[in-house]
Amino acid sequence: MTAHAPGATPRRYLMCEPTHYTVAYEINPWMDRTRATDTALAVQQWRTLRDTYLELGHTVETIEPIPGLPDMVYAANGATVVDGIVYSARFRYPERQPEGPAYQKWFADRGFVTHTAAAVNEGEGDMLVAGHLVLAGTGFRTERTAHAEAQELFGTPVISLELVDPRYYHLDTALAVLSSDPRDPQIAYYPPAFSPGSRAVLEQLFPDAVLATDDDAAALGLNAVSDGQHVIVAPRATHLAGALRERGYTPVPVDTSELLKGGGGAKCCTLEIRE
Ligand code: ARG
């Protein structure tokens, strides 16, 4: 029998309002400095996303946006938090490097135990918790040595996955965790974004996974946020929404088109605080 949605559990998220959002540099293929961005629209879409979480009964914390860090809205990149342990981000590109310490300080100020990363890693952009496993991306941003560092820190098996398509430069652009229930973790992913070996690993670990189409992936449909029941997903990822419905999930379309200009969607804007 195909696995089914286990039901919602309340989540705690950290988000950063896109007050200073713009595309000022290009570090992924989605970014185009010559295309105008609409900061007011980005803020409006971001607030809708935040309000959707609140309406679903989740807690949303916010971090103060810093002028000159236009990508700070992509909070998922700020850290990885498992069992209250914070593994700080260490960004690949200089333009984003100050974000790592800013997010780490947010957690330290609130009493979390934080660990300063030695290896380059972009937080939950490349580290997704699926039950008793951490699925970790590499190839464009996060170094493999960060996977080992995270495994040692969290004491959780980390599965390294190699990304091969520059449009899907972070794991959370190519794979979404639908259920993190340790008894039956469920994911959706886009197979062509992964190396042959990594695809084989995913098939072995998640034979039941939802597979996204080219169009789902190109709409950044996999940059989705699930609470075990509701899945916040880009409205253009229509096939994916249908596949989720078949599994008993409730797709909740939220349009983050303005934030797509920076190469991110709902998940990129959302860092989960797991305690
Ligand atoms: N412009 C940002 C970058 O290229 C987008 C980050 C998107 N975040 C994510 N979790 N995939 O770094």
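Right above here is the structure, for reference.
None of the values given here were measured: they were computed from a predicted structure. (Residues numbered from 1 in each chain as written. Predicted model: local features only at pLDDT ≥ 70, side-chain atom pairs only at ≥ 80, totals over all residues. Heavy atoms only, no water.)

## Comments concerning helix α6 (residues 238-246)
Phase 1: Turning to α6, its buried residues number three or more, namely Leu-240, Ala-241, Ala-243 and Leu-244. Around the axis of α6, the buried residues are gathered within 165° of arc, so they sit on the same side. Opposite its buried face, α6 presents the exposed residues Thr-238, Arg-245 and Glu-246, each directed more than 90 degrees away.
Phase 2: If you follow the buried residues of α6, they end up packed against β9 (175-179), β10 (186-189), β11 (210-211), α5 (214-218), β13 (230-233) and β14 (250-253).
Phase 3: Positioned one or two residues after α6, Gly-248 has a phi angle of 90°, which is positive. (Buried < 20%, exposed > 50% of the residue type's maximum accessible area, 1.4 Å probe, protein only. Helix = DSSP H or I, 4+ residues; strand = E, 2+ residues; numbered from the N terminus. Arc of directions from axis to C-beta. Contact = heavy atoms within 4.5 Å.)

## What to know about the packing of aromatic side chains
Phase 1: For the structure on display, the rule yields 7 aromatic pairs.
Phase 2: Plain terms: the ring middles of Tyr-168 and Tyr-190 are 5.5 Å apart, the flat faces sit at 70° to each other, and that makes the pair edge-to-face. Here Tyr-168, found in the loop between β8 (158-162) and β9, pairs with Tyr-190, found in the loop between β10 and α4 (196-205); they are 22 residues apart in sequence, far enough to count as distant.
Phase 3: Overall, Tyr-190 belongs to the buried group, its relative accessible area being 5%.
Phase 4: On the basis of an interplanar angle of 80° and a centroid distance of 6.0 Å, the ring pair of Tyr-189 and Phe-194 is categorised as edge-to-face. As far as the burial class goes, Tyr-189 and Phe-194 line up, both buried.
Phase 5: Of the aromatic side chains, those joined through ring pairs into one cluster are Trp-30, Tyr-168 and Tyr-190. (Phe/Tyr/Trp six-rings, centres within 6.5 Å; stacked < 30°, edge-to-face > 60°.)

## Quick word on the site of the ligand
Phase 1: Surrounding the ligand, one finds 17 residues, the nearest of these being Asn-28, Arg-96, Asp-172, Gly-262 and Cys-268.
Phase 2: Taking Arg-141, its side chain carries an N or O atom lying 2.8 Å from an oxygen atom of the ligand.
Phase 3: For the ligand, a nitrogen atom lies 2.7 Å from a polar atom in the side chain of Asp-172.
Phase 4: Taking 350 Å² as the accessible area of the ligand by itself, protein coverage stands at 100%.
Phase 5: In a pocket analysis with a 2 Å cut-off to the grid points, the ligand is assigned to the largest cavity.
Phase 6: Looking at the shell around the ligand residue by residue, the classes come out as 6 nonpolar, 7 polar and 4 charged. (Near = heavy atom within 4 Å. Polar contact = N/O pair within 3.5 Å; in protein donor to acceptor, adjacent residues only side chain to side chain. Areas by Shrake-Rupley, 256 points an atom, 1.4 Å probe, with all protein chains shown as cover. 1 Å grid on protein atoms, 1.4 Å probe; cavity = no way out; pocket = protein on both sides within 12 Å on 5 of 7 lines; lining within 4 Å. Sits in = over half its atoms within 2 Å of the grid points. Nonpolar A, V, L, I, M, F, W, Y, C, P; charged D, E, K, R; others polar.)

## Some points on the pattern of salt bridges
Phase 1: The final tally for this structure, using the stated rule, is 17 salt bridges.
Phase 2: Residue Arg-144 is joined to Glu-162 by a salt bridge in which the shortest nitrogen-to-oxygen separation is 2.8 Å. Linking Arg-144 in helix α3 (residues 144-154) with Glu-162 in strand β8, this pair joins segments that are 18 residues apart in sequence.
Phase 3: Judged by its relative accessible area of 46%, Arg-144 is partly exposed.
Phase 4: Classification of Glu-162 as partly exposed rests on a relative accessible area of 26%.
Phase 5: A salt bridge links Arg-274 to Glu-272, with the shortest nitrogen-to-oxygen separation between them at 4.0 Å.
Phase 6: One salt-bridge network, in which partners are shared between bridges, spans Arg-11, Glu-124, Lys-267, Glu-272 and Arg-274. (Salt bridge = Lys/Arg side-chain N within 4 Å of Asp/Glu carboxyl O.)

## Digging into the side chain of Asn-223
Phase 1: Positionally, Asn-223 belongs in the loop between α5 and β12 (225-226).
Phase 2: There is a polar contact of 2.8 Å between the side chain of Asn-223 and the backbone oxygen of Asp-172.

## Notes on empty space enclosed by the protein
Phase 1: Counted under the stated rule, the structure contains 1 cavity of 30 Å³ or more.
Phase 2: Along the walls of the largest cavity sit 13 residues, with Asn-28, Tyr-74, Arg-96, Tyr-169 and Gly-262 positioned nearest its centre.
Phase 3: Along the lines of polarity and charge, the residues of the lining of the largest cavity split into 5 nonpolar, 5 polar and 3 charged. (Points joined across faces, edges and corners; volume = space filled by probe spheres on them.)

Function cannot be read off these values alone, since they describe shape.
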